[in-house]
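# Fold and geometry: a report
Residue-level listing of the chains:
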Amino acid sequence: MRQRTVALVLAAVSVAACSASVQAARSTNPIISRSSALQYGLTRAWSTQVQLDRTRSKLSQVLLYEGTVYVQSDRGMIHALDAETGGTRWVRQVGQPDHPSTGLDAFGDLLGVVNGSTLYVVNRYTGRTLLERQVDGSALAAPTLSSQWAYVGTINGKMLAYRLEAKTNPAEELGMLDEEAELTATETAAAEVFRQENVGVRPGTAAPLSLQSDGHIYAQAVVASSTAKEEHLAWPTDRGFLFVGSINARSKDQIATVYRMATYAEIASRPVFLAPNPHVQGDEARVFVTSIDGYVYSVYEDTGEVQWRFATGDPLVEPAVVVDPYVFATTQLGGMYCLNLSDGQEVWWTPQVTQFIAASKDRVYGTDKLGRLLVLDIKTGGRMATMEADLLPVKYMNMANDRILLATRTGLVQCLHEVELTEPIRHNANHDEDAPPPEVQQVGPGEAPAGGGEGGPKKPGPPAGQPGGAAPSNPFGDPPAGQPGGAAPSNPFGDPPAGQPGGAAPGGPFDNPPAGQPGGAAPSNPFGDPPAGQPGGAAPSNPFGDPPAGQPGGAAPGPFGDPPAGGGGAVPNNPFGD
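Residues numbered from 1 in each chain as written. Predicted model: local features only at pLDDT ≥ 70, side-chain atom pairs only at ≥ 80, totals over all residues. Heavy atoms only, no water.

Each helix and strand counted, the protein chain has 4 helices and 34 strands in total. Expressed as a percentage of the 578 residues in the protein chain, the buried residues total 38%. Intrachain contacts of the protein chain at a sequence separation of at least 6 include 46% that bridge at least 24 residues. Counting every atom, the protein chain has about 31,500 Å² of accessible surface; 53% of that belongs to carbon and sulfur. (Helix = DSSP H or I, 4+ residues; strand = E, 2+ residues; numbered from the N terminus. Buried < 20%, exposed > 50% of the residue type's maximum accessible area, 1.4 Å probe, protein only. Contact = heavy atoms within 4.5 Å. Areas by Shrake-Rupley, 256 points an atom, 1.4 Å probe, with all protein chains shown as cover.)

Turning our attention to the side chain of T102. Among the structural elements, T102 can be located in the loop between β5 (88–93) and β6 (105–107). What makes T102 buried here is its relative accessible area of 5%. In contact with T102, not counting residues within four places along its chain, are Q72, V113, V114, A139, L140, A141, A142 and P143.

With that settled, the discussion passes to the sheet that holds β6. Here 4 strands make up an open sheet; going across it, the order is β6-β7-β8-β9 and the pairing antiparallel. Strand pairing shows two members of the sheet lacking a second neighbour, β6 and β9 (129–134), which therefore form its edges. Ignoring strand direction, the axes of neighbouring strands in this sheet form an average angle of 20°. Bridge count for strand β7 (residues 110–115) against strand β8 (residues 118–123) is 6 bridges, and the pairing is antiparallel. Note that in β8 the partner of G112 across the bridge is V121. (Pairing = 2+ DSSP bridges. Axes fitted to C-alpha atoms, helices over the stretch in contact; angles between N-to-C directions.)

If you walk through the whole model with that rule in mind, you get 10 aromatic pairs. Geometrically, the ring pair formed by F288 and W308 is tilted, given 6.2 Å between the ring centres and 55° between the ring planes. A residue pair is termed long-range when its members are at least 10 positions apart, and F288 in strand β21 (residues 286–290) and W308 in strand β23 (residues 306–311) qualify at 20 residues. Pair check on accessibility: F288 and W308 agree, each one buried. Through pairs of rings, three or more aromatic residues link up here, namely Y326, F328, W348 and F356. (Phe/Tyr/Trp six-rings, centres within 6.5 Å; stacked < 30°, edge-to-face > 60°.)

As a further point, take the sheet that holds strand β30 (residues 373–377). Overall, antiparallel pairing links the 4 strands, which are arranged β28-β29-β30-β31 in an open sheet. Pairing within the sheet leaves two strands with one partner each, and these edge strands are β28 (355–359) and β31 (383–387). Taking each pair of neighbouring strands and ignoring which way they run, the sheet shows an average axis angle of 25°. Taken together, the 5 bridges between strand β29 (residues 363–367) and β30 define a ladder with antiparallel strand orientation. Bridged to Y365 within β30 is V375.

Okay, the environment of L416 next. Here L416 lies in strand β34 (residues 412–418). For L416, a relative accessible area of 0% puts it in the buried group. Linking L416 and W46, residues 370 residues apart in sequence, is a C-alpha distance of 7.5 Å. Beyond its immediate stretch of four places on either side in the chain, L416 contacts I32, L42, T43, R44, A45, M387, R403, I404 and L406.

As a further point, take unusual backbone geometry. Omega for the bond connecting D324 with P325 falls within 30 degrees of zero, at 15°, which places this linkage in the cis form. Within the secondary structure, P325 sits in the loop between β24 (321–323) and β25 (326–330). Unlike most non-glycine residues, E66 shows phi in positive territory, near 45°. Checked against the element boundaries, E66 lands in the loop between β2 (59–65) and β3 (68–73). Positive phi outside glycine occurs at Q352, with the angle close to 75°. Along the polypeptide, Q352 turns up in the loop between β27 (346–351) and β28. Of the residues examined, Q352 reaches a relative accessible area of 42% and is grouped as partly exposed.

This part covers the nonpolar core. With 28 residues, the main nonpolar core has L59, V69 and L111 as its most contacted residues. Listed by contribution, the elements that provide at least two residues to this core are β2, β3, β4 (77–82), β7, β8, β33 (404–407) and β34. The element that contributes the greatest number of residues to this core is β2, accounting for 4 residues. (Core = buried A, V, L, I, M, F, W, Y, C linked by side-chain atoms within 4.5 Å.)

The tally for this structure, following the rule as stated, stands at 1 cavity of 30 Å³ or more. Looking at the largest cavity, its volume works out to about 40 Å³. Class assignment of the residues belonging to the lining of the largest cavity gives a composition of 8 nonpolar, 3 polar and no charged. (1 Å grid on protein atoms, 1.4 Å probe; cavity = no way out; pocket = protein on both sides within 12 Å on 5 of 7 lines; lining within 4 Å. Points joined across faces, edges and corners; volume = space filled by probe spheres on them. Nonpolar A, V, L, I, M, F, W, Y, C, P; charged D, E, K, R; others polar.)

Attention now goes to the side chain of N428. Tracing the chain through its elements places N428 in the segment after β34. Side-chain polar atoms of N428 contact the backbone oxygen of V322, separated by 3.1 Å. Within the structure, the side chain of N428 is placed 2.9 Å from the backbone nitrogen of D324, a separation counted as a polar contact. Here N428 is in contact with L274, V322, V323 and D324, once residues within four sequence places are set aside. (Polar contact = N/O pair within 3.5 Å; in protein donor to acceptor, adjacent residues only side chain to side chain.)

A cluster of nonpolar side chains, L140, I155 and Y218, forms an exposed patch at the surface whose accessible area comes to about 280 Å². By relative accessible area, which is 30% here, I155 ends up partly exposed. (Patch = residues over 30% accessible without salt bridge, like charges linked within 9 Å, V, L, I, M, F, W, Y side chains within 5 Å. Salt bridge = Lys/Arg side-chain N within 4 Å of Asp/Glu carboxyl O.)

This is the structure:
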């Protein structure tokens, strides 16, 4: 008996140990299974392990640009992955492994990084180094690339601009392209591959352009408006200034300050630029910045005028995220605000969110302090689900599309997306010049567009209650009088307007017909009797209905009649009828 008991106890311990080991193995597996993802309406598109020396190197940066995910280690190794399949495109060591590297930036055919005190510009399709330039100062933020310049901000406040002069298309030089000939799809694809592999930048020897700003530059700059005549660059400093500089195409020998906008605290994150929508009349370019004192600013890019600002009340160290028609801002203490893009008014707020991850048409994805993935309703902010993802500490802030990119420090990268979204949803696509124009409503002469507008949208003025803005006529946000759901101006009970069928008379607050109308009360008689002088109506000076003095049946006007009111006679307003 005792042996059987001991055997049962040992069996139970063994089962418990096995269960614990399985649970431990399951909890330490960072890969999100497809069945687990499906419970949240997601699918794991791919997962891949990049080549890292786990004993000496860790994954540090992730960048998504035009269908490629660039993964960078803290020893300068860069992996280029296909954003839809996870397949490796190339792997390169850029810079010295024992020198610190900044984050990455990509534009067009180029990819840039600062390693130690050297700026590297590489071919983003192959990883081949195209340009190396020594940086005059120490850079902590990633460089910023444009079609003609590579910008590097230094901790001593200098903004440096290095000229990027692209080489001529080698296919054209070799006579491989005939503008008059019509190429087949295969020939076009081959020509594009050849062009990508042979992208080049002419080595520059001229000194970089330099502009001194007030404060230290710790955050990456952003290229704002860029035209053939002029290019604008926006960058923040730790003294709370947003600088916008420009390089003129006619005089490329200097970078000048366009304006400097002051906030009241440090700007710790990169500004976000939103190009004007070419299909919306009057739309203007804007720059969005967040500050440590908890403000979100929307600034007109050309003038520096603040369109609107919103106070969260908590520090903001993450950049604002623009997903038209919303702006998302997450506070350092935990909480996400969803603001209206046009006027900065709060749409919703939800607690515990510390970082924006991605957004689709109906959802917003964020993370909390425990590293969990939060699924929110994009219209209300309501929490739809909470997904365990603490074993994937690298969560990429994807402002470009709906893909969710998660990774471990040891180089395991995964991509999730909603099941039905087989193709990525690009955000702010209407702000791209190559985006298809929206449908235009055709109206005839004298006809108003559907919806009651006067035509195309106009540049929004200051919000009601802001400087220069009209005072709101209804502070409680109800629809205007006469609109669906709005109360009638003179009738707080919501009845139809006076004079309308079923509406109250202008002078009758109790909805009785107007005085003189059938069933209507006299203006001076609230009890609804006929007017004085009318059949059955009371005399004007006698509320009890007796005939006037001097009339048949009426009191004599002389001293022998009843005493006047107040002298022993009836009180004029006596409700007892004496």
